[in-house]
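These are the residues of each chain, in order.
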Amino acid sequence: MEALIAIGAGIAVLCGLGAGVGIGIATAHATDAVARQPEASGKITSALILGCALAEATAIYGFVIALMILFVL
């Protein structure tokens, strides 16, 4: 039973991997967009920050679920 709990927590933590990849791709595209249209950098930056915050929230939710799996079950 303990091994299954550890495996479940490990899978829940993998949300951070997806969030990291997503933030990296978004930053790369935002940098490319600013390089193409520097006058739109304000709008691009605000959209990038909003998207990164949402992706990071997903990673935090996965971490919280992993902690709940480890310490509640």
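Note: the structure precedes this text.
These notes cover the structure that comes with them. In this text, all values refer to a predicted model and were calculated from it rather than measured experimentally. Think of each chain on its own: its residues are numbered from 1, step by step along the sequence as written. In keeping with the model being predicted, local features are shown solely for residues with a pLDDT of at least 70 and side-chain atom pairs are shown and tallied solely at 80 or more, while totals for entire chains, interfaces and linings include all residues. Hydrogens and waters are ignored; side-chain quantities use all the structure's heavy atoms.

Overview of the overall build of the chain
Inference 1: Looking only at helices and strands, the chain features three helices and zero strands.
Inference 2: Think of it this way: any DSSP run of H or I at least four residues long counts as a helix, any run of E at least two long counts as a strand, and we number them from the N terminus. Reading the chain from its N terminus to its C terminus gives the helix and strand order α-α-α.
Inference 3: Both definitions apply: the radius of gyration is a C-alpha atom measure, and the globule rule equals 2.2 Å times residues to the power 0.38. Its C-alpha atoms give the chain a radius of gyration of 17 Å, more than 25% over the compact-globule value 11 Å for 73 residues.
Inference 4: C-alpha atoms of the chain, sized along the principal axes, occupy 55 × 15 × 5 Å.
Inference 5: Split into buried and exposed, the 73 residues of the chain put 16% on the buried side.
Inference 6: Here the chain has roughly 5200 Å² of accessible surface; of this, 76% comes from carbon and sulfur atoms. For the exposure calls, accessible area comes from a 1.4 Å probe over protein chains only, and a residue counts as buried if that area is under 20% of its type's maximum, exposed if over 50%, partly exposed in between. Only the protein chains shown count as cover for residues, and the accessible areas themselves come from Shrake-Rupley with a 1.4 Å probe.

Comments concerning the state of the cysteines
Inference 1: A pair of cysteine sulfur atoms is labelled a disulfide when the two atoms are within 2.5 Å. All told, the structure shown has zero disulfides when counted by the stated rule.
Inference 2: A disulfide-free cysteine, Cys15 has its sulfur positioned 17 Å from the sulfur of Cys52, the nearest such atom.
Inference 3: The exposure class assigned to Cys15 is partly exposed, which follows from its relative accessible area of 34%.
Inference 4: For Cys52, a relative accessible area of 18% translates into the label buried.

Re the packing of helix α1 (residues 2-13) against helix α2 (residues 15-36)
Inference 1: Convention adopted: a line fitted to C-alpha atoms gives each axis, helices being fitted over their contacting stretch, and angles between N-to-C directions are expressed from 0 to 180 degrees. Relative orientation of the contacting elements α1 and α2 amounts to 10°, with a least axis distance of 4 Å. Accordingly, the angle class assigned to the pair α1 and α2 is roughly parallel. For the pair α1 and α2, the contacting residues are Ile11, Ala12 and Val13 in the first and Cys15, Gly16 and Leu17 in the second. Geometric relationships in this document are graded by angle, where less than 35 degrees denotes roughly parallel, more than 145 denotes roughly antiparallel, 65 to 115 denotes roughly perpendicular, and other angles denote oblique. In what follows, a contact means two residues having at least one pair of non-hydrogen atoms within 4.5 Å.

Comments concerning a nonpolar patch on the surface
Inference 1: A cluster of nonpolar side chains, contributed by Val13, Ile60, Phe63, Val64, Ile65, Leu67, Met68, Leu70, Phe71 and Val72, occupies part of the molecular surface with about 950 Å² of accessible area.
Inference 2: Within the element layout of this structure, Val13 appears in helix α1. Patch definition: residues above 30% relative accessible area lacking any salt bridge, with like charges linked at up to 9 Å and the nonpolar side chains Val, Leu, Ile, Met, Phe, Trp and Tyr linked at up to 5 Å. When a carboxyl oxygen of Asp or Glu is within 4 Å of a side-chain nitrogen of Lys or Arg, the pair counts as a salt bridge.

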